[in-house]
Amino acid sequence: MKTNRITRTRLLILFVLFLFFSFGGYFIGANTEIILPVFNCEYVGGGTTRGVCIAMTEFNKHIHNGWTFPLGVAACIALVLLFGRLWCGYVCPMGFFQDVVTWIRQKLNITQINIPQKLKPFILVGRWYLVFYIFFYDLCKVCPVQFITVPLTGYTSNTSSTGFFWTVVLLVAVMLSDRAFCRVCPIGALMGLANRISGSRLRKCGHACTHCRACLEVCPVDIQEVYEDREHVDITHADCIYCMKCIEVCPEKDALRFDLFGKTIYSSDRVTQEGQHGAEN
Amino acid sequence: MEQRTRDRYIRNIERVANVTIDEVGNGDGLEFYKEVYQEAFCNFDQTNKKYIGSYCVMIPDEIIYALGYVPLRLCGGHRIPALIGEEMVPRDACPLVKASAGFHAMKVLPMYNQCELAIIPMTCEGKRKSAEVLSDFLPIIPVPIPMSKDNRAFEETVNIVTALIKTLEYQTGNKITKRSLKKACIDIGTAQQQAYLLQQKLYSLNPQIKGSEVMFAINSSCFVHPKDWTKATKELLSLIDEKEKTAKELRRPKPRVYIAGSPISFPNFKLPLMLEDLGAQIVGDESCLSGRLMYDPVVPNDYSIVSMVRALSARYIAACTCPVFDNVEDRLCSLKTKLELSKAEGIIYHVLRGCVPYDFELAAVEEFADKHDIPLLRIETDYNIEDMEQVKIRFEAFVEMIEQRRRNR
Ligand code: SF4
Ligand code: SF4
Ligand code: SF4
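Fair warning: this is a prediction, and the values are worked out from it, not measured in the lab.

J.: So what's going on with the overall build of chain B? Residues and values would help.
T.: The secondary structure content of chain B amounts to 17 helices and 8 strands. For chain B, the C-alpha radius of gyration of 21 Å lies close to 22 Å, the compact-globule estimate for 409 residues. Looking at the 409 residues of chain B, the share that counts as buried comes to 53%. Within chain B, contacts between residues separated by at least 24 positions form 73% of all contacts whose residues are at least 6 apart in sequence.

J.: Can you lay out the overall build of chain A for me, pointing to particular residues and giving the numbers?
T.: A count of helices and strands for chain A gives 15 helices and 5 strands. Here the C-alpha radius of gyration of chain A, 19 Å, is about what a compact globule of 281 residues would show, namely 19 Å. If one aligns the C-alpha atoms of chain A with their principal axes, the spans along those axes are about 55 × 40 × 40 Å. Counting the 281 residues in chain A, one finds 46% classified as buried.

J.: Give me the lowdown on the sheet that holds strand β3 (residues 200-204) of chain A, citing residues and values where you can.
T.: Residue and element names in this part refer to chain A. Reading across from one edge, β3-β4-β5 is the order of the 3 strands in this open sheet, with antiparallel pairing throughout. Every other strand in the sheet has two partners, leaving β3 and β5 (263-267) as the edge strands with one partner each. Each strand of the sheet is rotated relative to its neighbour by a mean of 30 degrees, with strand direction disregarded. Of the pairings in the sheet, the one linking β3 to strand β4 (residues 256-260) comprises 5 bridges and is antiparallel in character. Its bridge partner being in β4, Arg-201 is matched across the sheet by Asp-259.

J.: Run through the packing of helix α1 (residues 3-23) of chain B against helix α2 (residues 31-41) of chain B, naming residues and quoting values.
T.: Residues and elements named next belong to chain B. Between α1 and α2, whose axes approach to 10 Å, the crossing angle comes to 170 degrees. When the axes of α1 and α2 are compared, the pair comes out roughly antiparallel. Here Ile-13, Ala-17 and Ile-21 of α1 come into contact with α2, specifically with Lys-34, Tyr-37, Gln-38 and Phe-41. Tallied by class, residues from the contact of α1 with α2 come to 5 nonpolar, 1 polar and 1 charged.

J.: Before we move on, can you summarise the site of ligand 1 with the specific residues and values?
T.: All names here are of chain A. Ligand 1 sits among Val-38, Phe-39, Cys-88, Cys-92, Met-94, Gly-95, Phe-181, Cys-182, Cys-185, Ile-187 and Gly-188. Looking at the shell around ligand 1, the elements that each hand over two or more residues are α6 (93-107), α11 (180-184) and α12 (186-194). Looking at the shell around ligand 1, its residues break down into 9 nonpolar, 2 polar and no charged.

J.: Can you tell me about the sheet that holds strand β5 (residues 256-261) of chain B, naming the residues and giving the values?
T.: All names here are of chain B. If you trace the 4 strands from one edge of the open sheet to the other, you get β6-β5-β7-β8, paired in parallel fashion. Of all strands in the sheet, those with a lone pairing partner are β6 (281-285) and β8 (376-381), marking the two edges. The mean angle between the axes of side-by-side strands here comes to 30 degrees, regardless of whether they run parallel or antiparallel. Here 4 bridges tie β5 to β6, and the two strands are oriented parallel to one another. Note on β6: the bridge partner recorded for Val-257 is Ile-282.

J.: Describe the pairing of strand β2 (residues 70-73) of chain B, naming the residues involved and giving the relevant values.
T.: Residue and element names in this part refer to chain B. Where burial is concerned, the two faces of β2 agree: the one with Val-70 and Leu-72 and the one with Pro-71 and Arg-73 are both buried. Bridge analysis of strand β1 (residues 51-54) against β2 gives 4 bridges, and the strand direction is parallel. Across the sheet, residue Gly-53 finds its bridge partner in β2, namely Leu-72. The handedness of the β1 to β2 crossover, carried by helix α3 (residues 61-66), is right-handed.

J.: Talk me through the site of ligand 2; I want residue IDs and the actual numbers.
T.: Neighbouring residues of ligand 2: 13 residues in total, closest A:Cys219, A:Cys240, A:Cys243, A:Lys245 and A:Cys246. Tallied by class, the residues present in the shell around ligand 2 amount to 12 nonpolar, no polar and 1 charged.

J.: Give me the lowdown on the nonpolar core, citing residues and values where you can.
T.: A:Phe39, A:Trp87, A:Cys215, A:Cys246, B:Val257 and B:Ile348 are the most contacted members of the largest nonpolar core, which totals 200 residues. When residues in this core are grouped by element, the largest group, 8 residues, is from helix α13 (residues 305-318) of chain B. Once residues lying within four places of it in the same chain are set aside, the contact partners of B:Val257 are B:Leu275, B:Ala280, B:Gln281, B:Ile282, B:Val283, B:Ala344, B:Gly346 and B:Ile348.

J.: Can you tell me about the packing of helix α9 (residues 178-200) of chain B against helix α11 (residues 226-246) of chain B, naming the residues and giving the values?
T.: Residues and elements named next belong to chain B. With their axes 9 Å apart at the nearest point, α9 and α11 run at an angle of 25 degrees to one another. In terms of their interaxial angle, α9 and α11 are classed as roughly parallel. Regarding α9 and α11, the two cross each other, and that crossing is left-handed. Taking contact as the criterion, the partners of Asp-187, Ile-188, Thr-190, Ala-191, Gln-194, Ala-195, Leu-197 and Leu-198 in α9 are, on α11, Pro-226, Lys-227, Trp-229, Thr-230, Thr-233, Lys-234 and Leu-237. Of the residues assigned to the contact of α9 with α11, the class counts are 8 nonpolar, 4 polar and 3 charged.

J.: Let's hear about the interface of chain B and chain A: which residues, and what values?
T.: Facing 32 residues of chain B, the contacting portion of chain A comprises 25 residues. Elements with a minimum of two residues in the side of chain B that touches chain A: α8 (151-172), α9, α13 and α14 (329-342) of chain B. Here the side of chain B that touches chain A gets 8 residues from one element, more than from any other, and that element is α9(B). For the side of chain B that touches chain A, a count of residues per class yields 15 nonpolar, 9 polar and 8 charged.

J.: Quick one: what's the story with the environment of A:Asp178, residue by residue and with numbers?
T.: Residues and elements named next belong to chain A. With respect to the helices and strands, Asp-178 occurs in the loop between α10 (161-176) and α11. Separated by 38 residues in sequence, Asp-178 and Cys-140 have C-alpha atoms that sit 24 Å apart. Setting aside residues up to four positions removed in sequence, Asp-178 forms contacts with Thr-102, Gln-112 and Pro-220.

J.: Tell me about the environment of B:Ile176, and please be specific about residues and values.
T.: Residue and element names in this part refer to chain B. Examined against the element boundaries, Ile-176 turns out to sit in the loop between α8 and α9. Residues Ile-176 and Gly-102, spaced 74 residues apart in sequence, show a C-alpha to C-alpha distance of 32 Å. Each residue touching Ile-176, except ones within four places of it in the same chain, is listed here: Ile-63, Ala-66, Leu-67, Ile-165, Glu-169 and Leu-181.

J.: Could you give me a rundown of unusual backbone geometry, with the residues and numbers involved?
T.: B:Phe266 connects to B:Pro267 through a cis peptide bond whose omega is 0 degrees. Its place among the elements puts B:Pro267 in the loop between β5 and α12 (270-277). The residue A:Arg179 is not glycine, and still its phi comes out positive at about 45 degrees. Locating A:Arg179 in the fold gives a position in the loop between α10 and α11. Despite not being glycine, B:Lys107 has its phi angle at roughly 55 degrees, a positive value. With respect to the helices and strands, B:Lys107 occurs in the loop between α5 (95-106) and α6 (110-113). With 13 C-beta atoms counted inside 10 Å, the residue B:Lys107 sits in the partly exposed group.

J.: Describe α13(B), with residues and values.
T.: End to end, α13(B) covers 18 Å across 14 residues, agreeing with the expected 20 Å (1.5 Å per residue, within 8%). Of all the positions in α13(B), only B:Ser307, B:Met308, B:Val309, B:Arg310, B:Ala311, B:Leu312, B:Ser313, B:Ala314, B:Arg315, B:Tyr316, B:Ile317 and B:Ala318 are classed as buried.

Rules of the game
- Residues numbered from 1 in each chain as written.
- Chains lettered and ligands numbered in written order.
- Predicted model: local features only at pLDDT ≥ 70, side-chain atom pairs only at ≥ 80, totals over all residues.
- Helix = DSSP H or I, 4+ residues; strand = E, 2+ residues; numbered from the N terminus.
- Rg over C-alpha atoms; globule rule 2.2 N^0.38 Å.
- Buried ≥ 20, exposed ≤ 12 C-beta atoms within 10 Å, placed from the backbone.
- Contact = placed C-beta atoms within 7 Å.
- Pairing = 2+ DSSP bridges.
- Axes fitted to C-alpha atoms, helices over the stretch in contact; angles between N-to-C directions.
- Parallel < 35°, antiparallel > 145°, perpendicular 65-115°, else oblique.
- Nonpolar A, V, L, I, M, F, W, Y, C, P; charged D, E, K, R; others polar.
- Near = placed C-beta within 6 Å.
- Right-handed = clockwise from strand over helix to strand, strands pointing away.
- Core = buried A, V, L, I, M, F, W, Y, C linked by C-beta atoms within 7 Å.
- Left-handed = near helix turned anticlockwise from the far one by under 90°.
- Expected span 1.5 Å × (residues − 1).

Following this line, the structure appears as structure tokens:
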């Protein structure tokens, strides 16, 4: 089994969807009824669906305009409950952007900074502050995402120096650490709640695990439990974006696996094919 | 040293090594490994290789290759130097420590003489204290290993490995580059994949290679470049594949035995060889010098030095199931997996006389074996052959018991 099979497929899916979100509107027309649980900026020129971010910031504005908006929101929530943060790993344009930066970083053999576990509580506070912020303040005024995904499609958005400042912070953070934005992303935080019950499950066979740490070393969001936990079979963490890098690198047969609605989609195996070493090939 | 003493040493080292080389397998495909041992233990001419020695399995060989040196695993399994070493370390120390000290003191084997320095991880008492004893013979770099596996300890380990690299760079005057380290990781990684495949061959119900032969092959990787080892092992594997095609199912499969416990290293293969003589099939072992030696892969997140060092620390220390660490859980988990895969019917628990850590964990492993209804036999022995008869009687009874259990099923 190729070690990077899933990652490649995942990046491809993200890329195609990125094109769809950014330019799809030119072909099939803009559509604001469908709301997807990702960071999909409204200012993107050829956008075709609405990101839940804008739905949240402009909730009060739209909620009284007919039934399509509430229905869209309900559908969006249902999608999250069904799939959990699978959206983060495979759909979100902002996730795509961060993964591309990571890919370049790996190709250049630059190390990422390891975020100490001690900082985790602070990150958690930051994340829930942003959740609060997105509901009650106008996040778009300071949102760094618009300075990233929007220019990529050849447009510019309104300029705000605070937003610009956060963009620089964000860019540096993403360069230094995989999926840095996802760690504080408010949408991700809310979807994390759904991770507990969604149909996407990361499962582990405790005794097959040798505690080799390979999974923890590659996890873009540094989920300690995947490595440490031997008691529980279901080790899906609220932060998990189902990138499955951990499964790709785990050298123990069937120690880690990903189940979608009870069906095993992918499970770990020893790589014995020549020329396949490490997470990045 | 007197020429006479030297000659006697040489004669004896060669003789004991040759006995094992001859005893292990007349099986095909082992010629390469036999030559490797012959070169290491029966050739007493100086070569121009520059060695850096290390003890235990917690010092990454990759680092040494990346520095342009040849790594050597200095853990001795030879009974002649163990006799010499007896004078240098306490009587109750394990034979491995004695043999290692003895080899240095005898000054006859080129690989020990040409060793520019030795890295000694502070694992068990024996290793810790022998660092000082050995420093009479060559420069020693003692390396502390955190005895726990939590996060704090891991970060500490990474720092220690980084510091070790710095020290080695300073001592040797060579620099480690991303390129050289990556190349070493890949060379060893490829060898490790072959070793994994080789061990898997034993899981078959009618293995076409003996367990002792697998141990012999894997242990030899300590004395040869991984690329050559990979090549030979690939050939061996395709040979086994050929045999598997024509192999018939056995009517009466051999009793399947797993060897746990203290290291078994060349030329001390008396236990596995004797077990096989008595009709058992060795289906795996957790000896750090064979079963575990090349088991875990190095999986860096990217090929930057920091990531590689982290991956090396993870592979060599975090995944290590040596009993010197503070808890036995990792070891029991890996035992469980291996026993299941190999369908073992009995465990031989090997304790080298004086090897306290392994003996300490016996109780936990015994309880574990009880729970899984697998009989376990503890054998305490050293490198000498005097107790062969006694061991044999106990092995015979054990193998017989496994067969009896089968009949009762
Ligand atoms: S957590 Fe990351 S991938 Fe998920 S919605 Fe937020 S930005 Fe997108
Ligand atoms: S736990 Fe595994 S699947 Fe989840 S984010 Fe980490 S590496 Fe990806
Ligand atoms: S990679 Fe697999 S074997 Fe290694 S610690 Fe993670 S789950 Fe365990």
